[in-house]
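Here is what each chain is made of, one letter per residue.
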Amino acid sequence: MDNGRGNGSGKESRTLLRGLLQGLLRGANVLVELAIIAFFVVTALYSAYTIYDTNKIYKAADVANFQTYRPESRGRNLSFRELQAKNDDVIGWLKVYGTGIDYPLLYSNEFDAYINKDPEGKFSLAGSVFLDYKNAPDFGDFKTIIYGHHMEDGLMFGDLDKFRSKKFFRSRRYGKIYYGGKYHGLEIFAYFQGDAYDDAIYSVISGDRAAARSFLDLVRRKAIWYRDLGVKPSDHIVLMSTCAGDTNGRYLLAAKITDKVQADPFPPEENKTFLEGPGKNFIRMLPFWWWILLPLALLILALLIRFGRRRKDLDER
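Residues numbered from 1 in each chain as written. Predicted model: local features only at pLDDT ≥ 70, side-chain atom pairs only at ≥ 80, totals over all residues. Heavy atoms only, no water.

K.L.:
How do you make sense of the packing of aromatic side chains when you look at a structure like this?
P.N.:
Remark: the centre distance and the inter-plane angle together describe each pair of aromatic rings, the angle taken between the planes. With the rule as written, the count across this model stands at 12 aromatic pairs. Ring centres of phenylalanine 80 and tyrosine 178 lie 5.1 Å apart, and the angle between their planes is 70°; on these two criteria the pair is classed as edge-to-face. Within this pair, whereas phenylalanine 80 is found in helix α2 (residues 78–86), its partner tyrosine 178 is found in strand β5 (residues 174–179), the two being separated by 98 residues in sequence. Of the two residues, phenylalanine 80 and tyrosine 178, both sit in the buried class. The aromatic ring of tyrosine 114 is capped on one face by lysine 117, whose charged end is 4.9 Å from the ring centroid. In this structure, lysine 176 packs its charged tip against the face of tyrosine 183, placed 4.3 Å from the ring centre. (Phe/Tyr/Trp six-rings, centres within 6.5 Å; stacked < 30°, edge-to-face > 60°. Helix = DSSP H or I, 4+ residues; strand = E, 2+ residues; numbered from the N terminus. Buried < 20%, exposed > 50% of the residue type's maximum accessible area, 1.4 Å probe, protein only. Lys NZ or Arg CZ within 6 Å of the ring centre and 35° of its normal.)

In structure tokens, the structure reads:
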């Protein structure tokens, strides 16, 4: 005889199973939501660190960091000697008018010594502006090659690619270079692109007039923009080089060294710096703590929404 206990027991089992499944689903939903929240928080924290790290690199390359050391045309150049006292690899200064190029010049007999070191000799991914180790540090060679990283906001040699613009090339004619205790003029005569492994471009030429003439012919053939200054093998030139978009591509700017230093025709804002000039990136200027607070605020908001939903579910029951 069936006394009804079997049906009651079956209902209780089904109710218990249903409750168990619902509990598992709620737990799974909580885990999924927490995983999503954790993903976004970790992503936000990683982004914050990346921005912080990038900010450090760009601040390290800011020309404002070195202006106190800049040699003056007159006076005792004490500040520049102070920089040399910190690092005797500092041999001069390079400035190209109307660009962000306004940095100390470094020289070492190791090619990569200043790829990741600042002018004071401290580690910095922004590196320094430095001479090819095969060149003579007194600029006595026909061609002195100067390297710098290609960075955004016109930092280091980041403005070299702007010379692709005909207007930019035409309006930027001069600069100056300091070595041997005084400034010398720079007259820009060519902008071109090349390959990092092209020996015809990157070989050092000292007293070989034929090699110098061959190089000048090469520059004229390769030049995207060219200004005929009558450069001769007996002259001395600098070749500024920085990375282009592809792995081996290079942007190159050639300038003749002269005895006459031209006046800078550009207002200070066009000789921009990262901290003060129009090329600054607002996002990178935000302090690091702001980027920490943002993901934390998102986490708190997500938790409040989650608890609000749970309370609403409980009230509805």
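What follows continues from the structure just given.
K.L.:
Looking at this structure, I do not really get the pairing of β5. What am I missing?
P.N.:
Counting buried positions over the 6 residues of β5 gives 5, a clear majority of the element. Alignment of β5 against strand β6 (residues 182–195), held across 6 bridges, turns out to be antiparallel. Paired with tyrosine 179 across the strands is lysine 182, a residue of β6. Between the antiparallel neighbours β5 and β6 lie 2 residues, among them glycine 180 with a positive phi of about 65°. (Pairing = 2+ DSSP bridges.)

K.L.:
Could you clarify how one ought to interpret the pattern of salt bridges in this entry?
P.N.:
A side chain with one charge can pair with a side chain of the opposite charge if their charged atoms come near. Under the counting rule described, the total for this entry stands at 10 salt bridges. Between arginine 70 and aspartate 102 there is a salt bridge, with the nearest N and O atoms lying 3.5 Å from each other. With arginine 70 in the loop between α1 (5–60) and α2 and aspartate 102 in strand β2 (residues 102–106), this pair connects stretches of sequence that are 32 residues apart. A relative accessible area of 21% means that arginine 70 is categorised as partly exposed. Judged by its relative accessible area of 6%, aspartate 102 is buried. With its nearest N and O atoms 3.8 Å apart, the salt bridge here joins arginine 220 to aspartate 228. Arginine 220 sits in the partly exposed class, given a relative accessible area of 47%. The network of salt bridges with shared partners includes Arg70, Lys95 and Asp102. (Salt bridge = Lys/Arg side-chain N within 4 Å of Asp/Glu carboxyl O.)

K.L.:
In this structure, what is going on with the environment of arginine 81? I would like to understand it.
P.N.:
Within the fold, arginine 81 resides in helix α2. Assessed through its relative accessible area of 41%, arginine 81 is described here as partly exposed. C-alpha of arginine 81 to C-alpha of tyrosine 69: the two residues are 12 residues apart in sequence and 7.9 Å apart in space.

K.L.:
Even after reading the chapter, I still don't get the environment of lysine 117, so can you show me in this structure?
P.N.:
By the element assignment, lysine 117 lies in the loop between β2 and β3 (129–131). Of the residues examined, lysine 117 reaches a relative accessible area of 29% and is grouped as partly exposed. Between the C-alpha atoms of lysine 117 and serine 128, which are 11 residues apart in sequence, the distance is 6.3 Å. The contacts of lysine 117, once residues within four sequence positions are left out, are Lys122, Phe123, Ser124, Gly127 and Ser128. (Contact = heavy atoms within 4.5 Å.)

K.L.:
Help me out: how do you make sense of the pairing of strand β1 (residues 90–96) in this one?
P.N.:
Here is the key point about a regular strand: its side chains alternate between the two faces of the sheet. Most of β1 sits out of view: 7 of its 7 residues are buried. Here 5 bridges tie β1 to β2, and the two strands are oriented antiparallel to one another. Residue pairing across strands places leucine 94 opposite tyrosine 103, the latter belonging to β2. Between the antiparallel neighbours β1 and β2 lie 5 residues, among them glycine 98 with a positive phi of about 80°. Taken together, the 4 bridges between β1 and β5 define a ladder with antiparallel strand orientation. Considered in β5, the bridge of valine 96 is made with glycine 175.

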